[in-house]
Amino acid sequence: MFDTGLDYSYNYTMRVGFGFDSHPFAKGKPLIIGGVKIHYEQGLSGHSDADVLLHAIADALLGAAGLPSIGEIFPDTDSAYKNADSAALLERVVTLVREQGYGIVNLDCTVLAEEPKLVPYRDAMRARIAEILDIPTTCIAIKPKRGEGMGFVGRKEGIAAIAVVLIE
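Residues numbered from 1 in each chain as written. Predicted model: local features only at pLDDT ≥ 70, side-chain atom pairs only at ≥ 80, totals over all residues. Heavy atoms only, no water.

**Describing the nonpolar core**
Ranked by size, the top nonpolar core spans 48 residues in total, and within it L53, I57, L61, L90 and L133 carry the most contacts. No other element matches the ten residues that helix α1 (residues 52-64) contributes to this core. Apart from the residues within four sequence positions on either side, L53 is in contact with I33, G34, C109, V111, M125, I129, I142 and A161. (Core = buried A, V, L, I, M, F, W, Y, C linked by side-chain atoms within 4.5 Å. Buried < 20%, exposed > 50% of the residue type's maximum accessible area, 1.4 Å probe, protein only. Helix = DSSP H or I, 4+ residues; strand = E, 2+ residues; numbered from the N terminus. Contact = heavy atoms within 4.5 Å.)

Printed below as a string of C-alpha cells:
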C-alpha cells in the first residue's frame with residue numbers, strides 16, 4: 001500500500017458511481033433486463049439470472065458508496081447465487097448503501113443491444129428499478145443503443161449495460 005496523501009476519512013455529501021456489465025447470449029434461458037422479462041428467442045448466460053442492467057446499477061451504487069464490487073459481495077463461485085434473482089441482489093445492495101448513510105438521487109443508464117428492441121420495455125424497466133431503489137421513475141433514465149454492427153453487441157453475441165448513479 002502506498003500513501004496517496006488523500007484524506008479518506010472525509011465523508012463527502014454527494015458521490016458518483018459507475019457500473020458496467022456484459023453477458024453473452026444463451027439459448028434456453030429467459031431474457032431479463034432491468035428486472036423485466038423481455039420476449040426474445042434467447043436469454044443471457046450468467047451465474048445469476050444475468051440481468052446486465054441491474055448488475056451495472058448495483059456496481060455503480062457500490063462504487064459510489066465505496067463498497068466492494070458486486071462480484072465480491074455475490075461471487076459466482078458461491079452456489080447460493082446460482083440462478084439468483086438480480087432484483088433481490090440489487091435490493092441487498094440498496095440496503096448496504098443506505099446503511100452507509102446515503103440516499104439515491106438519480107440514475108442514468110445505457111443498454112447496448114443490437115437485438116431485441118428495448119424501447120417498448122423502457123417504461124416497465126424504469127418502473128421496476130424505481131420500485132427496487134425506492135426513488136421516482138423521473139429520477140431514472142434508460143437509453144437503449146445499438147452496436148451498429150460493431151463489436152460483440154453489433155454481432156448479436158450479447159448485451160452490455162452502463163450505469164451512472166448519484167448518491168447523497
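**Some details on the sheet that holds strand β4 (residues 42-44)**
Within a sheet, adjacent strands bond to each other through the backbone by hydrogen bonds, running parallel or antiparallel. A sheet is described by the order of its strands in space; here five strands give the open sequence β4-β1-β7-β5-β6, paired in mixed fashion. Looking along the sheet, the strands with just one partner apiece sit at the ends: β4 and β6 (140-145). On average, adjacent strands in this sheet sit at an angle of 20° to one another, irrespective of strand direction. Packing against the sheet, α1 makes contact with β1 (15-27), β4, β5 (104-112), β6 and β7 (158-167), and its axis sits at approximately 155° to β1. (Pairing = 2+ DSSP bridges. Axes fitted to C-alpha atoms, helices over the stretch in contact; angles between N-to-C directions.)

**Section: the pattern of salt bridges**
For the structure on display, the rule yields seven salt bridges. The partner of E115 in a salt bridge is K156, with the nearest N and O atoms 3.1 Å apart. Of this pair, E115 sits in the loop between β5 and α4 (122-133) while K156 sits in the loop between α5 (151-154) and β7, and the two are 41 residues apart along the sequence. Residue classification places E115 among the partly exposed positions, given a relative accessible area of 31%. For K156, a relative accessible area of 41% puts it in the partly exposed group. A single salt-bridge network, built from bridges that share partners, covers E114, R146 and E148. (Salt bridge = Lys/Arg side-chain N within 4 Å of Asp/Glu carboxyl O.)

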